[in-house]
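# A structural walkthrough
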Amino acid sequence: MRSVGFFMGFMFATLLLNAQSQAIDSLTRVVALNRHDSTELMALINLTTEFSRKNIEEAKRYAHRARALASKLKNDLVLSSSYSFLVVLHQNSNDLDSARQYLDKIKRLLEEQPQNNKIKINYNNSAGLFYKNQGLLKQALPHMLDNLQLLVDENETRAGLFLNLGNLYYSMGEFQHAATNHLSGLTLFEKLNNKRGQSFCMQSLGNDFRSLHELDKAKDYFLSSITMKTELQDRRGMITSLRSLAETLLEQKKFESSKRYLIQALQLSQEMNLTAEEVRCQYLFGLVYKQTGEIVKARSTIEQALQLAKQTVDSTLVAKISGELAALKDPSNEKELEYVATTNIKVLQNSGDRNAVAMEYERLSQYFESNKQFEKALLYRKRYQALKDSLEGTAVQVQVQQLEKQYQSERKEAEISLLRKEQEIKTLALSRQRLITTVILIAMISLIVIGVLFINRYRVMSKTKRQVELEKIRTNIARDLHDDVGSTLSSINILSQLALVEQNGETVKYLQRINDQSTRMMENMSDMVWSINPRNDTLGKVISQMRIFAGELFEDSGVEVRFQMTTDDTQVLSSDKRKNLFLIFKEALNNAAKYSKANQVTILLQQDKGMLTMVVRDNGSGFDELKVKSGNGLRNMSDRANQINANLTLTTNIAVGTQWTLILPLA
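Reading guide: rules and limits
Residues numbered from 1 in each chain as written. Predicted model: local features only at pLDDT ≥ 70, side-chain atom pairs only at ≥ 80, totals over all residues. Heavy atoms only, no water. Pairing = 2+ DSSP bridges. Helix = DSSP H or I, 4+ residues; strand = E, 2+ residues; numbered from the N terminus. Axes fitted to C-alpha atoms, helices over the stretch in contact; angles between N-to-C directions. Contact = heavy atoms within 4.5 Å. Parallel < 35°, antiparallel > 145°, perpendicular 65-115°, else oblique. Left-handed = near helix turned anticlockwise from the far one by under 90°. Nonpolar A, V, L, I, M, F, W, Y, C, P; charged D, E, K, R; others polar. Buried < 20%, exposed > 50% of the residue type's maximum accessible area, 1.4 Å probe, protein only. Phe/Tyr/Trp six-rings, centres within 6.5 Å; stacked < 30°, edge-to-face > 60°. Lys NZ or Arg CZ within 6 Å of the ring centre and 35° of its normal. Polar contact = N/O pair within 3.5 Å; in protein donor to acceptor, adjacent residues only side chain to side chain.

What follows deals with the sheet that holds strand S1 (residues 560-566). Strand order in this open sheet of 5 strands is S1-S2-S3-S5-S4, and the pairing throughout is mixed. Only two strands of the sheet have a single partner each, and these edge strands are S1 and strand S4 (647-653). Direction aside, neighbouring strands of the sheet carry axes that sit 10° apart on average. Pairing geometry for strand S3 (residues 611-618) and strand S5 (residues 657-665), over 8 bridges, is antiparallel. Within S5, the residue paired with Met611 across the bridge is Pro665. Against the sheet, helix H24 (residues 539-553) makes contact with S1, strand S2 (600-608) and S3, and its axis sits at roughly 170° relative to S1, the strand it touches most. Against the sheet, helix H25 (residues 575-596) contacts S1, S2, S3, S4 and S5, and its axis sits at roughly 10° relative to S3.

The following block contains the structure:
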């Protein structure tokens, strides 16, 4: 009875496919008014949604109109939504270059508005689906998990995320996690009375139960999904459900029924020009022929599927089909079969599809067992079993790591905030104590002691001034420790954890990065300690440090370094000025050493009328300021100059050289 109901529903839907639904007709009338306002914009987005399940080219047309109007109205959120539709539509049409182009456009919108969570959600959703549909499962997962943290309201967007996340876990072989997310999505879609979402979740739950070998339950979900999608005239969704039902019937050895559903899915795929779905249908036809003993037909059909699959750029799909074809072409060719299988395993491991990797191990084990090569059969059987046993838990580890990272970040921020508050309380208490002492002294001493009070007041002011200077030094040290040393230690901590869990032989790379980070931190600490040491408070000490640094930097480079100076070496500089002066000098020399290709560097220091002028000049290649993007180094130099009220200018010409000029007031 259920099958009869489905076919009657399918025939009824076919009669309605050429007519627009009442919703589409209403939206079309709104667009026809050409008001170019937000109402028309939302109508265009809704029309894109409707046609995305029926007519890909028509959906693209409305998505492009929505994109143009959103851009005109400066509605960046709807603009990102139109880009999201175009990513999916072009990927479904196998136009990956265009899909990637629109994904980059959403990313650029997000970079312009990094705090806009709605655009970030659109980008994560588009990137997650884009990478998933290419078989790049590991790249897709972080985007979807990030959205799970951003979406907290019980709405259709969160329900859709549960669905997409479940589908991703399914592709990775995490069937328990997949079913959990799909059931969560189904429950929320039912609460929102969203039939289309319910049909998607039923389809996905069918896949979950089929993978868990509960075939009858899987078939019920597929039939329910097909019925709902037929009522909704969702041709795109019907392809997936029909193909999945056919695959379930194949596992139940119901070959004729499987073929019947496959034919319907293949026809719809070809009508809608969905190459990836056509490939999957062809591949399943080949498996049907294989199981019915029609090996020649199976080989020919799977070869066609493989050629078509290569056009989709889905490496996972190509790997699955090529592995099956290798076994069909020449089962006796052990070397070719093992080579293809191991190559496919690498591709599937990189994509994150561990279930497909397990299937390759099982295929190799069965092959060698049938050829009485029991040692190899046992080897691949062990790998298959070990991978199957470990299929649970990967997603949980990723989530725990993300939560741990967030927890540690919040904990550090709380500790820093607490330290600041404690410092403020101590400073306030000290000030109050001094005030009380002063009032008591004034009340108790006579006019004779007024002179003493004036002296004491002078001492208090001097002490307060020193205290302020000390607090300023402490604040600078705390900032430098937090910004430079703290961030570097965090990076080293993360790199060391990655090195501990690394399994692909990349540990040396992480250790090298730890070495680079720690070396840089030691240099920064050395500069910090040198700058706050009162023994180094004269200009002569600063110049001496400059000479040492320049000598070490260009020692083996063959670059001639010239110092020219007319300065008073006894001139006292504050710790802030000598630190920033030296770091600006250091950055200028580093830039000359790294990029200028110079053979001569000249450093000029001149003191005149309370001003210190420093010039760092090279005779290198120079550069075009308009074509070179400003980096952290140049911004840091400018910021440091501003901190000490100095004027920093850059003069550069191609093939002439580069000159930095700093004018620093000494008072």
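Next comes the rest of the write-up.
The next point concerns the packing of helix H12 (residues 215-231) against helix H13 (residues 235-251). To characterise two packed helices, one gives the angle between the axes of the helices and the distance between these axes. Interaxial distance between H12 and H13 falls to 9 Å at its minimum, and their mutual angle equals 155°. Classed by the angle they form, the pair H12 and H13 counts as roughly antiparallel. For the pair H12 and H13, the sense of crossing is left-handed. Contacts from Leu215, Lys219, Phe222, Leu223, Ser225, Ile226, Lys229 and Thr230 in H12 reach Gly237, Met238, Ser241, Leu242, Ser244, Leu245, Thr248, Leu249 and Glu251 in H13. Considered class by class, the residues forming the contact of H12 with H13 number 8 nonpolar, 6 polar and 3 charged.

Moving on, we get to the pairing of S5. Where S4 meets S5, 7 bridges bridge the pair, whose relative direction is antiparallel. Bridge pairing links Leu650 to Trp660 in S5. Counting the residues between successive antiparallel strands, the hairpin from S4 to S5 contains 3 residues, one of them, Ala655, with a positive phi of roughly 70°.

Let us look at unusual backbone geometry. One non-glycine residue, His36, lies in positive phi territory at about 55°. Within the secondary structure, His36 is located in the loop between helix H2 (22-32) and helix H3 (38-52). For Lys74, which is not glycine, the phi torsion reads 60° and is therefore positive. With respect to the element layout, Lys74 can be found in the loop between helix H4 (56-72) and helix H5 (76-92). Judged by relative accessible area, Lys74 falls into the exposed class, the value being 71%.

Time to look at the packing of aromatic side chains. We describe a pair of aromatic rings using the distance from one ring centre to the other and the angle between the two ring planes. A complete count under the given rule lists 8 aromatic pairs for this structure. A centroid spacing of 6.2 Å and a plane angle of 75° characterise the contact between Phe549 and Phe582, whose relative ring orientation is edge-to-face. One end of the pair, Phe549, is in helix H24; the other, Phe582, is in helix H25, and 33 residues separate them in sequence. The structure contains a cluster of three or more aromatic residues connected by ring pairs, namely Phe549, Phe582 and Phe585. The residue whose ring lies beneath Arg260 is Tyr261, and the NZ or CZ to ring-centre distance is 5.7 Å. The aromatic ring of Phe563 is capped on one face by Arg547, whose charged end is 4.7 Å from the ring centroid.

Within the fold, Glu271 resides in helix H14 (residues 255-271). Considering only alpha carbons, one finds Glu271 and Asn55, 216 residues apart in sequence, at a separation of 9.4 Å. Within the local environment of Glu271, its side chain forms a polar contact with the side chain of Arg235, the two groups lying 2.4 Å apart.

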